[in-house]
Amino acid sequence: WPLMWTVLVPVLAPLILMLLLLDALMGRVLMSDMQGAERERRRNTVIVNLVLAGGLLLRWLPYYLVL
């Protein structure tokens, strides 16, 4: 388990950040063709993705700045 928290998670954190940002971007692109409730649901998904990406960035930024 120590290997997972010291090696794997720091390597996967930037990949997950990029995945969340790409999903938010694609959700925003798909919103251009939607109306009503579908658009609202997609906007909520984009907001959740951005909040999670911000939280991930705040959590791991100090770690990467030390490197």
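These notes cover the structure that comes with them. Everything numeric in this text was worked out from a predicted model, so none of it was measured.

**Overview of the side chain of Arg42**
Assignment of secondary structure puts Arg42 in helix H2 (residues 36–66). One buried charge, Arg42, has no salt-bridge partner; the nearest side chain with opposite charge is Asp23, at 5.7 Å. With residues up to four places along the chain from it excluded, the contact list for Arg42 reads Gly27, Leu30, Met31 and Met34.

**What about H2?**
Taking 1.5 Å as the rise per residue, H2 with 31 residues should run 45 Å; its terminal C-alpha atoms sit 46 Å apart, in good agreement. Trp60 marks the point of greatest bend in H2, at about 40°, and the proline Pro62 comes within the next four residues. Listed in full, the buried residues belonging to H2 are Arg42, Val46, Asn49, Ala53 and Trp60. Those residues of H2 that are buried are in contact with helix H1 (2–31).

Each value, and the rule that gives it
- Residues numbered from 1 in each chain as written.
- Predicted model: local features only at pLDDT ≥ 70, side-chain atom pairs only at ≥ 80, totals over all residues.
- Heavy atoms only, no water.
- Helix = DSSP H or I, 4+ residues; strand = E, 2+ residues; numbered from the N terminus.
- Buried < 20%, exposed > 50% of the residue type's maximum accessible area, 1.4 Å probe, protein only.
- Lys, Arg positive; Asp, Glu negative; His and termini not counted.
- Salt bridge = Lys/Arg side-chain N within 4 Å of Asp/Glu carboxyl O.
- Contact = heavy atoms within 4.5 Å.
- Expected span 1.5 Å × (residues − 1).
- Bend = angle between axes of the 7 residues up to and from the residue.

Read these as spatial facts, not as claims about activity.
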